[in-house]
Amino acid sequence: MSSPRSTLYAVMLVTALGTAGIALPYPLLTPFFLEPDHSNQLITFMELPPKLLLGFLLALYPLGILFGSPFIGAMSDLYGRKPVLMLTLLMAAGGYGLTALAVSLENYPLFALARFLTDLCEGNIAVSRAIALDLHPKIERTRAMSLVYAMTYTGWLIGPLAGGYLAFLGVEMVFLIAGIMTLLAMGMVAWAIAPPEAANKENRDFWRALRKDNSLALLKVKALQPLLLFHLLFTLGLNTFYEFYPFWLVERFGFVSAEIGWSTVLLTLAMIGGSVYVVPRLVNRAEELKLVNIGAAILALMLLALPWGNMAVMLGVFLASGFVVSLTNGVFPAYMAARFGDMGQGRVMGLLTTNFCLGNVVAAILGSFIALLGSGWSIFFGGLLIATASFWLYRVRQGINKNLQTDG
C-alpha cells in the first residue's frame, strides 16, 4: 500500500500534469482564431466573428467545471477517490482526442462539444484535493493543500509555455499531447495512489447521489453559509483581477504578449513560493480564519491601489499578491475540511471549486461591462469585492469560532 507521503507526491504530480494539460492549448487558440485562415471551416462557422467563436470556447472551461465539480466530488465520497479520479481522467483524455479530431474535420460544433466534455471532467480537481486532505493527520491539512496548490500554479505556468513552444506542431497535435499528458496522470493514479475507501458503503445509489447528495446540497447547511458567502465574494474579486490585469497592463504600460507572460510568471512564482515556504510556517502562528481575514484585507488594499500605480508598484503588487493568494488558497480549504469534512471531503472541495468557477464566469461578465470605463476600474472593482469579503468574514468570524467551540 502507498505511504501517505508517496500518495501526496502522486497527487501533486497528477495535479501538475492535469493542470498543464488544461493550459497547454490556450496559447494556440487565440492566434488560431484571431489571425485566422479563412479557408478553415472551424473558424468561419455560421459566418460568426472569430472573436465571438473564441469567446464561447473560453467560457466553456469554467462552465464545464461549474457543472462537473458538485457531482464528481460527491461521487468520490460514494464510490471512492481512486476509481472516480481514474475514470474522469480517462474521459478527459478522450475529450482531448475528440477535440483533435474536430480540428482535423474543421467542425466547430464538435470542437465545442469536445471542449465542454473535457472541461466537465476537470471537476476532478476536487477529488485530487480531497485525496490530499484524507491524508490528515499523518500529513497536516494545510501543508497538503499548500503543496497541491503549488502544483496547480506550476501546471498553469508550464502549460502555456509548453503550448507556445509546441505551436509549430499545429493545434491538432497539441491537443493530442494534452491527452497523452492526461493519460500519464491516470497512470500515476493507478500506480501510486491508494486512497481510503468510500465513506458511504451502504447506499451507492447513483441517481440519489446525483440528485440529493451532490455538493450543492451543502448550501442548505446554515453553518456553511457565511463562509461560502465570504469565499464567493473573495473569488469574484480574485477572478476579476485574473481576468483583466492583462488588459490593464496593455492600457497602462503598453505591454506586449511576452511582457504580459513574464508578469504572469512573476505572479505564479510568488504563489508557488508562498505555498511551499510561507504558508506552512504561518499557519501554526495564528488562528486559521484570522490569517485568511488578514490576507484578504491586504490583497484588497493592494488591488484598490494598483490601477493608479507605476511600474514599481505593479511589480511589488504582483509579487506580494502571489504570496497572499497562496495563503488564502492553502488555509481556507484546509479549515473547511477540518470543520465540515464529516459531510464528505469530496462534497466540500467540490463546492469550493464550484464557487471558484461561478466567480470566474460572473467576473468575466461584470468585469467586461466595467472595463468599458477602463480596465483599471475592473481591477478596482475586484479590490472592492475582496474588501467586502474581508469585512464580512471579520463580522462573522467571532460567531463562527464560538459555534465551533460549542460543537467541540
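Above this text you will find the structure in question.
Overview of the structure.

The rules we used
- Residues numbered from 1 in each chain as written.
- Predicted model: local features only at pLDDT ≥ 70, side-chain atom pairs only at ≥ 80, totals over all residues.
- Heavy atoms only, no water.
- Patch = residues over 30% accessible without salt bridge, like charges linked within 9 Å, V, L, I, M, F, W, Y side chains within 5 Å.
- Areas by Shrake-Rupley, 256 points an atom, 1.4 Å probe, with all protein chains shown as cover.
- Salt bridge = Lys/Arg side-chain N within 4 Å of Asp/Glu carboxyl O.
- Helix = DSSP H or I, 4+ residues; strand = E, 2+ residues; numbered from the N terminus.
- Buried < 20%, exposed > 50% of the residue type's maximum accessible area, 1.4 Å probe, protein only.
- Expected span 1.5 Å × (residues − 1).
- Polar contact = N/O pair within 3.5 Å; in protein donor to acceptor, adjacent residues only side chain to side chain.

**Topic: a nonpolar patch on the surface**
Part 1 of the argument: Residues Phe168, Leu169, Met173 and Leu176 make up a contiguous nonpolar surface patch of about 390 Å² in total accessible area.
Part 2 of the argument: Tracing the backbone shows Met173 in helix H8 (residues 171–192).
Part 3 of the argument: Overall, the relative accessible area of 38% leaves Met173 in the partly exposed class.

**Looking at the pattern of salt bridges**
Part 1 of the argument: In the structure shown here, the tally under the stated rule is 4 salt bridges.
Part 2 of the argument: Between Arg115 and Asp119 there is a salt bridge whose closest N-O contact spans 3.7 Å. Within this pair, Arg115 and its partner Asp119 are both found in helix H5 (residues 108–121), separated by 4 residues, close to a single helical turn.
Part 3 of the argument: Accessibility expressed as a relative area gives 1% for Asp119, which makes it buried.

**What to know about H5**
Part 1 of the argument: The terminal C-alpha atoms of H5 lie 20 Å apart, and with 14 residues this matches the ideal 20 Å at 1.5 Å per residue to within 8%.
Part 2 of the argument: All buried positions along H5 are accounted for by Tyr108, Leu110, Phe111, Ala112, Ala114, Arg115, Thr118, Asp119 and Cys121.
Part 3 of the argument: Its side-chain oxygen 3.0 Å from the backbone nitrogen of Leu110, Asn107 forms the N-cap of H5.

**Some words on helix H4 (residues 81–105)**
An α-helix turns once every 3.6 residues. As a result, residues three or four positions apart point the same way.
Part 1 of the argument: With 25 residues, H4 extends 36 Å between its outermost C-alpha atoms, agreeing within 8% with the 36 Å of an ideal straight helix rising 1.5 Å per residue.
Part 2 of the argument: Positioned one or two residues after H4, Glu106 has a phi angle of 55°, which is positive.

In short, shape yes, function no, at least from these values alone.
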